[in-house]
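As a plain string of letters, each chain reads:
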Amino acid sequence: MCTHMNTPVRLHAAGRGREGWTPIDTANVYYDHPFHLAREHSLNIDLTRSGGGPQERIGLELSGASAAALAHAILAALAAGEQMTGDDHTRERVPDRPSHE
Amino acid sequence: MKAETVMLTGHDGGEINGYFARPLAPGEYPGVVVIHHNPGYDAATKEITRRFAANGYIALCPNLHYREAPGGNPDDASAIMRANGGVPDERCVGDAAGAAAYLRDSGVSNGKVGVIGFCSGGRQAYLIGAKVNVEAIVSCYGGNIVAGPDALTERMPVAPIDMTADLRAPLLGLYGADDKNPGPEAVERIKAELDKHGKEHEVIVFQDAGHGFFATDRPSYRPAAAVAGWQHVMRWFGKHLATKSH
C-alpha cells in the first residue's frame, strides 16, 4: 500500500550530496515504498534545502530495523557527546524557517 | 515499435513530457494512457508503456511530476511531489485528458482510449474514468479510492468512490488479497458501489498477492498474479477499445 505520509522536520544542518556540500534545512521523513531498496516499504528520509534544485536532495531508504537502530544510535551518540563536551541541544534553537529563505 | 519522450499539453494548458510508445506498422490503433505509480515516471512504468505497444496499442505515460522537476530524476521529482502534498487530483485529470487527446490526435488512433493506473495511479485511473472521456478503465490496487473525510486533502478533496456514478467506461479492478490499502473491505465497497450504479465492471482479487504484484523490480512481484493480470488487462482493453467491424 501507499501511505502518502510525510513528516517534515526543520533542521540546521549540512549534507554532502551529488554536487558537494550544501546547507540542509528540511528532512522529510516517511514510511512508504522505497525507490531503490529491495523492500515493499521502508523508512525514507529526504534531506533538502528550501529553494534547492531537485538534484540537491540527499535520499536515504532504511529497512524498519535499520531505521530504529539508526534512531537509537543518533540519540545515544548525542547523549554521550553532550556529556563529554557539556553541550546541550535543548538550549539550541532550530529556526522555524530556513535562515537563507 | 517506436518509443520516445514527447511533449504534450496537460492541465490548464501546461506543457509536460510523457513517454509515447507505438507500433511502427501503419494502422489505426487503440490507445492507452498509462498512469505511473507514486515513485514516479520511472523505468518500470516506461516498460509497461512499451508492453502496450508490443501488444498493438499506442500508449502514452504522462509525467505527472514533470512540473516539479523538469528533466529531473523520477525519484527526486517524486520526493518533491510528496513534500508538496502529492499530485493535485484536478491537475492529474487535466494531464490525463491531455494524454488522451494526444493519442486521439496522433494520426494512428482508432479513436478509442483506455486508462490504466498502478498503486496511486490506480486511484487516479478511477477518478480519471469519472472525469475524462475514455472507453475503458483498469485500476490496479489503487489505495484510498475508499477514503474517509480524514484522508481528504486540499489536493485530493473527493474520494474517488464518491465519483462512481460518473464513471464513463467499463472498469476492471485488479487487487491482491493480501493488500492492506485497498484491503478486502474497500474492494467489497468498490464492487458494491459499481453494482449500485449499474456500471459495467469486473473486480478480480488474486490470492497469494498483495499490493504491487505487477512490479517486476520489487519484492511485491508475484509472477502468477502478474501473468494472469496482464491477460485480463489485454482482454479488457481488447474488448472495449477494438475498432468495431463495419
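Here the residue index of a chain counts from 1 through its sequence in written order. Labels are handed out in written order, letters beginning with A for the chains and numbers beginning with 1 for the ligands. For a predicted model such as this one, the threshold for reporting local features is a pLDDT of at least 70, and the threshold for listing and counting side-chain atom pairs is 80 or more; totals across whole chains, interfaces and linings nevertheless cover every residue. Note that water and hydrogens are dropped before the side-chain values are worked out from all heavy atoms of the structure.

Draft legend 1. Summary view of the interface of chain A and chain B. Whether two residues touch is decided by their heavy atoms; if any such pair falls within 4.5 Å, the residues are in contact. Taken together, the contact pairs 19 residues of chain A with 23 residues of chain B. Accessible area, probed at 1.4 Å, shrinks when two parts are joined; the buried area is that loss added up over both. Overall, the association of chain A and chain B removes approximately 1,800 Å² of surface from exposure, summing both partners, and the carbon and sulfur fraction of that is 58%. Considering only the surface of chain A that becomes buried against chain B, M1, H4 and F35 of chain A emerge as the three largest contributors, covering 34% of it. Should a side-chain nitrogen of Lys or Arg be within 4 Å of a carboxyl oxygen of Asp or Glu, the pair is scored as a salt bridge. Counting across the interface, chain A meets chain B through four salt bridges.

Draft legend 2. Focus on the nonpolar core. All names here are of chain B. Buried Ala, Val, Leu, Ile, Met, Phe, Trp, Tyr and Cys residues form a nonpolar core when they are joined through side-chain atoms within 4.5 Å. Only protein chains enter the accessibility calculation, which uses a 1.4 Å probe; a residue whose area is less than 20% of its type maximum is buried, one above 50% is exposed, and one in between is partly exposed. Residues V33, V115, Y126, I128 and I137 are the most contacted members of the largest nonpolar core, which totals 43 residues. Here a strand is any run of E in DSSP of at least two residues, a helix any run of H or I of at least four, and the numbering for each starts at the N terminus. Top contributing element to this core by residue count: helix 3 (residues 89-104), with six residues. Not counting residues within four places of it along the chain, the set of residues in contact with I137 comprises V115, A125, G129, L167, A169, P170, L171, L172 and W236. Membership of the second largest hydrophobic core comes to 32 residues, among which are Y57, C140, L172 and I204.

Draft legend 3. How the structure looks around a nonpolar patch on the surface. Residues and elements named next belong to chain A. The grouping of L60, L70 and I74 at the surface amounts to a nonpolar patch, some 240 Å² of accessible area in total. In this fold, L60 is placed in strand 4 (residues 58-62). A residue is classified by how much of its surface remains accessible, and L60, at 39% relative accessible area, is partly exposed. Like-charged residues are merged into a patch within 9 Å and nonpolar side chains (Val, Leu, Ile, Met, Phe, Trp, Tyr) within 5 Å, provided each residue has over 30% relative accessible area and no salt bridge. Only the protein chains shown count as cover for residues, and the accessible areas themselves come from Shrake-Rupley with a 1.4 Å probe.

Draft legend 4. Representation of the side chain of D42 of chain B. By the secondary structure assignment, D42 of chain B is in the loop between strand 3 (29-35) and helix 1 (43-54). Within 3.5 Å is the distance limit for a polar contact, defined as a pair of N or O atoms, with the added protein rule that one can donate a hydrogen and the other accept it, and that residues adjacent in sequence qualify only through two side-chain atoms. A polar atom in the side chain of D42 of chain B sits 2.5 Å from the side chain of T45 of chain B. Dropping the residues within four chain positions of it, D42 of chain B is found in contact with F35 of chain A together with H37 and P74 of chain B.

Draft legend 5. Highlighting the packing of helix 1 of chain B against helix 6 (residues 223-241) of chain B. Residue and element names in this part refer to chain B. Where helices are involved, their axes are fitted lines through C-alpha atoms of the stretch in contact, as for all axes, and angles between N-to-C directions lie from 0 to 180°. Between helix 1 and helix 6, the shortest axis-to-axis distance is 12 Å and the interhelical angle comes to 55°. Relative to helix 6, the element helix 1 lies oblique. Considering the relative orientation of helix 1 and helix 6, their crossing is right-handed. On helix 6, the residues touching I48, R51 and F52 of helix 1 are W230, V233, M234 and F237. Under the scheme applied, nonpolar residues are Ala, Val, Leu, Ile, Met, Phe, Trp, Tyr, Cys and Pro; charged residues are Asp, Glu, Lys and Arg; polar residues are all the others, including Gly. Partitioned by chemical class, the residues of the contact of helix 1 with helix 6 number six nonpolar, no polar and one charged. Angles below 35 degrees are treated as roughly parallel, those above 145 as roughly antiparallel, those between 65 and 115 as roughly perpendicular, and all remaining angles as oblique. Note on convention: the crossing is left-handed when the near helix lies turned anticlockwise from the far helix by less than a right angle, right-handed when the turn is clockwise.

Draft legend 6. Representation of empty space enclosed by the protein. Cavity and pocket criteria rest on a 1 Å grid covering protein atoms alone: a 1.4 Å probe that fits but cannot get out defines a cavity, protein on both sides within 12 Å along at least 5 of 7 lines defines an open pocket, and an atom within 4 Å of a point defines a lining residue. Grid points are joined across faces, edges and corners, and a volume is the space filled by probe spheres set on the points. For the structure on display, the rule yields one cavity of 30 Å³ or more. Here the largest cavity defines a volume of roughly 110 Å³. Taken together, 13 residues form the lining of the largest cavity, with H4 of chain A together with N38, V87, S120 and Q124 of chain B sitting closest to its centre. It is helix 4 (residues 120-131) of chain B that provides the largest number of residues to the lining of the largest cavity, a total of three residues. Split by residue class, the lining of the largest cavity holds four nonpolar, eight polar and one charged.

Draft legend 7. Spatial organisation of unusual backbone geometry. At the junction of N181 of chain B and P182 of chain B, the peptide bond is cis and its omega measures out at 10° in the coordinates. Among the secondary structure elements, P182 of chain B is positioned in the loop between strand 7 (171-176) and helix 5 (184-196). Although it is not a glycine, H4 of chain A adopts a positive phi angle of roughly 60°. Relative to the elements of secondary structure, H4 of chain A occurs in the segment before strand 1 (7-17). A relative accessible area of 30% means that H4 of chain A is categorised as partly exposed. We note that Y141 of chain B has phi near 40°; this positive angle belongs to a residue other than glycine. On the secondary structure map, Y141 of chain B appears in the loop between strand 6 (136-140) and strand 7.

Draft legend 8. Structural view of the packing of aromatic side chains. Each pair of aromatic rings taken from Phe, Tyr and Trp, with Trp reduced to its six-membered ring, is defined by centres within 6.5 Å and is described as stacked if the planes are under 30 degrees apart, edge-to-face if over 60, and tilted in the remaining cases. Taken as a whole and assessed by the stated rule, the structure comprises 12 aromatic pairs over all chains. Three or more aromatic residues joined by ring pairs make a cluster, and in this case those are F52, Y57, F118, Y141, F206, F213, F214, W230 and F237 of chain B. Here, a charge over a ring is recorded when the distance from Lys NZ or Arg CZ to the ring centre is within 6 Å and its angle to the ring normal is within 35 degrees. Sitting over the ring of Y30 of chain A, R82 of chain B keeps its end group 3.8 Å from the ring centre.

Draft legend 9. Here's a closer look at the confidence of the model for chain B. Within a predicted model, pLDDT stands for the predictor's per-residue confidence, ranging from 0 to 100. Counting all residues, the mean pLDDT for chain B is 96, and 99% of those residues have values of 70 or more. Both scores are given for the predicted complex: the pTM is 0.92, the ipTM 0.83.

Draft legend 10. Representation of helix 5 of chain B within the structure. Residue and element names in this part refer to chain B. Here helix 5 contains 13 residues, and its C-alpha end-to-end distance of 18 Å stays within 8% of the 18 Å for a straight helix at 1.5 Å per residue. Along helix 5, the residues classified as buried are A186, V187, I190, E193 and L194. Buried residues of helix 5 fall within an arc of 125° about the axis and therefore sit on the same side. Opposite the buried face of helix 5, by more than 90 degrees, sit the exposed residues P184, E185, D195 and K196. In this fold, the buried residues of helix 5 make contact with helix 4, strand 7 and strand 8 (201-206). Trailing helix 5 by a residue or two, G198 shows a phi angle of about 65°, which is positive. To estimate the expected span of a helix, subtract one from its residue number and multiply by 1.5 Å. Think of the arc as the fan of directions from the helix axis to the C-beta atoms.

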